Amino acid sequence: MNLVERESHAKLLVGMLADGLAGRGRVALVSGGIATGKTELIYGFTESVRDALVLTATGARGEQQFELGVVEQLFYSAAMPADVATHARALLVSAMAEDSTGGEDARSIHDICALLLDLSREQPLVIAVDDVQFADRTSLRVLLHLQRKIRSAAVLLVLGEAAGTSTRPAHTALRDEIVRQPQARHLRLRPLSPEGVRDLLAHHLGPQAAADLEEPCHVLSGGNPLLVHALIEDFVAADRPATELGVSEPVTGDAFAQAVYTCLRRGEELLLRVAQGVAVLGELAKTELLARLLELDSRTVRDLFKTMNEAGLMDADRFRHPVARTAVLRELDPDELSALRLRAARLLHDDGVPAVTVAEYITAAECEPGAWAVPVLRDAAAEALARNDVHRAVDCLDLARTACGDERETIAVTATLAEAQWLVDPAAAAQHLTRLGAAFHRGLLPEREAWGLVRALVWFGRSAEAAAVLAELDGTAPDSAGPDSASPVEGEPNDCGTGRHVTRHWLATVQPQLLGDLAADLDGRQLDTPAAVESAERVLRSARIGETPLEELICALQALNHGDRGDRAGYWCDEFLEEARAHRAVTWRAALSDVAAAVALRRGDLVSAERLARAALGALPAPSWGVGIGSPLATLVQATTRLGKFQEADAQLRQGVPQAVQQTRHWAQYLLARGQHHLATDRLRAALADFLAVGELAAEWRLDLPVLLPWRQEAAQVHVRMGEPERARELVDQQLTLPGADGARVRGVSLRILASASAPGRRLPLLRESVDLLGGLGDWYELALAFADLSAAHQASAEFDQARIAARRALRLAKSCKAKPLHEHLQHHRTATGGLDFNDSAEYSASATPLSAAERRVAGLAALGYTNREISRRLYITVSTVEQHLTRTYRKLKINRRTDLPILANPVPGGSPVEAGPRAALPGNRQA
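Just so we're clear, the structure is a prediction, and the values are computed from it rather than from any experiment.

Draft legend 1. The overall build of the protein, seen in detail. A tally of regular secondary structure across the protein gives 46 helices and seven strands. The burial tally for the protein puts 54% of its 928 residues in the buried class. Taking as baseline every contact in the protein between residues at least 6 positions apart, the subset at least 24 positions apart corresponds to 69%.

This is the structure in structure tokens:
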């Protein structure tokens, strides 16, 4: 329907009025959906009437119990003659008295109608009753009787009803009889057509906006005039010019929301109730379920759906816009809303709807749901974790915890909740540790969760509580347990054994004093490098976030890193960092960034080490890091020191670390980093004090292993600087006798420092071996230091060509690492010596080398410290091909080893010979 059709209805009423004035009584029944303009049409008509007495009344849902209330409104019109009004009041009093005593009211109804007909003989009469569907029972009988008597009277009876909003027998009887009478006309107000919506929009917003908004406004409003007006109001309030080009979407704001609610309030009482049920159930609002939820019969629900669809409030039994649903929910009493949601959840559960869906209604209820909901919420939490929605899982478990039927179930749910919270915020999980600890000592916490509790307590520095749980788990004091009890049987699924194994091996490197004598045995096994590397790879191939303990993953990655397999450690860090991001596991991302930073530092990739350490510290707030904050902080201080960012390193050190950190290996890491910073800034005494303090801790904790805490080599460098070479050599010699000292890194660094403390004549062989060992690791920083010392040793031996080559390599590597202090030292040494030409122009060029392009690429990368495996990945060739190219290169250049390779300009076509990182991504090889 458009505006022209609505004007025709108004003209029809005027024509019927003319018949009434001529003594031909007429009845007009104006029907329309809720807020489709019925009241506006009737009101506009009565305001335009002249030469007739107009009596008006309006039905109201809340006044249906007041008999003759609507009729009483008619006689209270200001235009009513005084004597007629007095007579009418007497009749009404009598009729109401009869109704209250249960007497016969037919005479009263007849008398009231007779009074109105007598009045019409004196002056034509227009009687307009809007919302007649809400009129009281007796008033409806009066109107039914009256419409039968006006055929030859000067009366126009106009009745307005909201179509489909009432099934009351009295109203139905009136309606059915009116539509059968020849003097009656039924005016049906339909919703606005798209053209009608456009006309209304154009009237208020202009033709351009009307053309743009016609279709979406019609879809949103269903042609309901009240809703269209609300959309216009919201559009204007949003301050969008009516002439703006390209306006394609209406604005759904407060006016639209209020209009929707107003429409529902105008309808039958149950209409709003059904709309509330639809808003609660959402997409699951089917007729049968809605009837059960609201305790109505299905036919009533279907009729009310039809009413709302016809009124434009809904389309296919669904709200046309989320704003409408929100408006309905917002007006519901909070307690009633909670009760409806909880009842909906129970009905859905009984119907076998999946737990994840049922849980949405339970959690939305925001009230204690009862014990029946606990398994539903736990299942929903498990599904949420499976789809990486940790926060949803936490919400479900937190609510389940309040609804548990017994304490054992409460503890089980609390343990699961703590595990889920740990993925994103360990500090939030920490609030449960005291209760879980008490539950364990009372026998309510299973052993598997108890091992996780130990790790969590240690994480937050609660050592005494962790020791108490450990003692009870072992059934004896921690230092009396045998080492064999730490490992589960090979191939046998044993969660408790795995938890014991993981926890003890993690504690052995984090807080070994909690393990007593067992710590030394565990560390000895960890330093069996081939076995440790293979075991670590096995763990990493099968590890999954949310299933594998984080500490187990960290131990495996550190085993690779300490086993001189930084390339593999870096690969796995990249793999799991990507998985942690996908799982939104913030804690894992922070811890993995910390390990990746340590890996990058040991690879000489100082820029990446700094970036990853900062990422680790930024991923979690300091309270959530617990004692672990010492690790990324130590790496950051080491990286910034080597990069020459001394002020930044100072700033980090001034922040300090929590007191509990001092009970863990992270404190020793921190002291090593602080000592290195002191050494780099010429505070030798302070540096030595920190390194010796680490030595005392290492001895006390039986963790005196150079692969973990290389304090002797650091202290030896201080003694060299202080002019005490004998003490330096003593420390290095001691280090070379310790377990794990035969590893390439420990031995390579030890030999370099030993050379610096030795007589000039002994330095060259030590440094050559150091360069060979470090060159195979791909640690650019340590390799640059070794080349720098080797250059100095060659120069002291008057081997200037070899000195120049070694110096050039050191300079290039230092530059690639962005190791500013080392690079500046080498530049200063070049200037001071005067006799060495470090310029790139003195390097081997393509024309001066008898090498093919492929050989030059391989040789250039090898000279920069890349391993054969890294070269193969970088150049997309096999390791065997790399070896063949190097063999031919050695023969052509008449050299015997890798360290004699010249630094070639631009070994990789199209780019710098050295990129930001020392390793490339490896192809994925995780087990499915």
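On we go.
Draft legend 2. Structural detail: helix α23 (residues 447-459). The end-to-end C-alpha distance of α23 is 19 Å, a good match for the 18 Å that 13 residues give at a rise of 1.5 Å each. Here α23 has its buried residues at A450, W451, L453, V454, R455, A456, L457, V458 and W459. Phi turns positive one or two residues past the end of α23, at G461, with a value near 75°.

Draft legend 3. Inspection of the nonpolar core at higher detail. By size, the foremost hydrophobic cluster in this structure holds 248 residues, and its most contacted members are L264, L290, M308, I362 and W588. For this core, the leading source of residues is helix α30 (residues 586-602), giving eleven residues. Beyond its immediate sequence surroundings of up to four residues, W588 is in contact with L423, R544, I545, G546, T548, P549, L550, L553 and A580. The next biggest cluster of nonpolar side chains, apart from the first, holds 42 residues, and it includes V84, L125, L140 and L157.

Draft legend 4. Region of interest: the packing of helix α28 (residues 550-562) against α30. Interhelical geometry of α28 versus α30 gives an angle of 5° and a closest axis separation of 10 Å. In terms of axis orientation, α28 runs roughly parallel to α30. Here L550, L553, I554, L557, N561 and H562 of α28 lie close against α30, whose contacting residues are T587, W588, A591, L592, V595, A598, V599 and R602. Considered class by class, the residues forming the contact of α28 with α30 number ten nonpolar, three polar and one charged.

Draft legend 5. Region of interest: the sheet that holds strand β2 (residues 53-58). Sheet architecture is open: five strands sit in the order β2-β3-β4-β1-β5, paired in parallel fashion. Across the chains shown, the open sheet's two edge strands, defined by having one partner strand only, are β2 and β5 (184-189). Pairs of neighbouring strands in the sheet enclose a mean axial angle of 15°, with direction left out of account. Pairing analysis gives seven bridges linking strand β1 (residues 26-32) to strand β4 (residues 155-162), with the strands arranged parallel. When the sheet's bridge partners are listed, S31 is paired in β4 with E161.

Draft legend 6. Structural context of the pattern of salt bridges. With the rule as written, the count across this model stands at 45 salt bridges. One salt bridge in this structure joins R462 and E465, with 2.9 Å as the shortest N-O distance. Here E465 falls in the partly exposed class, since its relative accessible area comes to 35%. Overlapping salt bridges, with partners in common, bring together D564, R602, R745 and D779 in one network.

Draft legend 7. Region of the structure containing empty space enclosed by the protein. A full pass over the atoms with the stated rule returns one cavity of 30 Å³ or more. Taken as a whole, the largest cavity encloses approximately 190 Å³ of empty space. If you trace the largest cavity, you find 15 residues lining it, with W506, I554, D594, G628 and H666 closest to the centre. Contributing elements (two or more residues each) for the lining of the largest cavity: α25 (495-510), α28, α30 and α35 (665-680). Taken together, the residues of the lining of the largest cavity sort by class into eight nonpolar, five polar and two charged.

Draft legend 8. Looking closely at helix α9 (residues 207-221). In the structure, α9 departs most strongly from a straight axis at L213, where the bend amounts to approximately 55° and where the proline P216 lies between one and four residues downstream. Here α9 has its buried residues at A209, A210, L213, E214, C217, L220 and S221. For α9, the elements touching its buried residues are α8 (194-205), α10 (225-237) and α11 (254-266). Among the residues trailing α9, G222 stands out with phi positive, at a value near 65°.

Draft legend 9. Quick look at the pairing of β4. Taking burial as the measure, the eight residues of β4 include eight buried ones, the bulk of the element. Of the two faces of β4, the one carrying V155, L157, L159 and E161 and the one carrying L156, V158, G160 and A162 are both buried. In the sheet, strand β3 (residues 125-130) pairs with β4 via five bridges, with the strands oriented parallel. Paired with L125 across the bridge in β4 is V155. You can see the chain leave β3, run along helix α6 (residues 137-149) and come back into β4, and the turn it takes is right-handed.

Draft legend 10. Spotlight on the packing of helix α5 (residues 106-122) against α6. It is at 9 Å that the axes of α5 and α6 come closest, and there the two elements cross at 50°. Considering the angle they form, α5 stands oblique to α6. Classified by chirality, the crossing of α6 by α5 is right-handed. Taken together, the residues of α6 that come into contact with α5 (itself represented by I109, H110, I112, C113, L116 and L117) are T138, R141, V142, H145, L146 and K149. The residue makeup of the contact of α5 with α6, split by class, is seven nonpolar, three polar and two charged.

Draft legend 11. Molecular detail of the environment of H885. Here H885 is to be found in helix α46 (residues 879-893). For H885 and L851, which are 34 residues apart along the polypeptide, the C-alpha to C-alpha distance reads 9.5 Å. The contact partners of H885, leaving out residues within four places of it in the chain, are A854, E855, V858 and I877. Of the polar contacts made by the side chain of H885, one reaches the side chain of R888; its length is 2.9 Å.

Draft legend 12. Structural view of the packing of aromatic side chains. By the definition in use, this model includes five aromatic pairs. Each residue in the set W422, W459 and F460 is aromatic and connected to the rest through ring pairs, giving one cluster.

Draft legend 13. Fine view of the confidence of the model for the protein. Of all residues in the protein, 88% attain a pLDDT of 70 or more, and the chain-wide mean is 87. Every residue in residues 837-848 scores below 50 in pLDDT, and together they form 23 contacts with partners more than four places removed in sequence or on other chains.

Draft legend 14. A look at the side chain of E537. In this structure, E537 sits in helix α27 (residues 529-542). Here E537 falls in the buried class, since its relative accessible area comes to 9%. Once residues lying within four places of it in the same chain are set aside, the contact partners of E537 are L560, R568 and W572.

Draft legend 15. Fine view of the environment of A211. Within the secondary structure, A211 is located in helix α9. Distance in space between the C-alpha atoms of A211 and R198 is 6.8 Å, their sequence separation being 13 residues.

Draft legend 16. View of unusual backbone geometry. The phi angle at R584 is positive, at roughly 55°, despite the residue not being glycine. Secondary-structure assignment places R584 in the loop between α29 (566-583) and α30. Given the relative accessible area of 48%, R584 is considered partly exposed. Phi is positive for R702, which is not a glycine, with a value near 50°. For R702, the location among the structural elements is in the loop between α36 (684-700) and α37 (711-721).

Draft legend 17. Structural context of the side chain of T414. Inspection of the secondary structure assignment puts T414 in helix α20 (residues 407-422). Under the relative-accessibility criterion, T414 is labelled buried at 1%. The residues contacting T414, other than those within four sequence positions of it, are R401, H432 and L436.

Draft legend 18. The environment of R442, seen in detail. In this fold, R442 is placed in the loop between α22 (433-441) and α23. Judged by its relative accessible area of 53%, R442 falls in the exposed class. Polar side-chain contacts of R442 include one of 2.7 Å to the side chain of E407.

Cut-offs used in this document
Residues numbered from 1 in each chain as written. Predicted model: local features only at pLDDT ≥ 70, side-chain atom pairs only at ≥ 80, totals over all residues. Heavy atoms only, no water. Helix = DSSP H or I, 4+ residues; strand = E, 2+ residues; numbered from the N terminus. Buried < 20%, exposed > 50% of the residue type's maximum accessible area, 1.4 Å probe, protein only. Contact = heavy atoms within 4.5 Å. Expected span 1.5 Å × (residues − 1). Core = buried A, V, L, I, M, F, W, Y, C linked by side-chain atoms within 4.5 Å. Axes fitted to C-alpha atoms, helices over the stretch in contact; angles between N-to-C directions. Parallel < 35°, antiparallel > 145°, perpendicular 65-115°, else oblique. Nonpolar A, V, L, I, M, F, W, Y, C, P; charged D, E, K, R; others polar. Pairing = 2+ DSSP bridges. Salt bridge = Lys/Arg side-chain N within 4 Å of Asp/Glu carboxyl O. 1 Å grid on protein atoms, 1.4 Å probe; cavity = no way out; pocket = protein on both sides within 12 Å on 5 of 7 lines; lining within 4 Å. Points joined across faces, edges and corners; volume = space filled by probe spheres on them. Bend = angle between axes of the 7 residues up to and from the residue. Right-handed = clockwise from strand over helix to strand, strands pointing away. Left-handed = near helix turned anticlockwise from the far one by under 90°. Polar contact = N/O pair within 3.5 Å; in protein donor to acceptor, adjacent residues only side chain to side chain. Phe/Tyr/Trp six-rings, centres within 6.5 Å; stacked < 30°, edge-to-face > 60°. pLDDT = per-residue confidence, 0-100.

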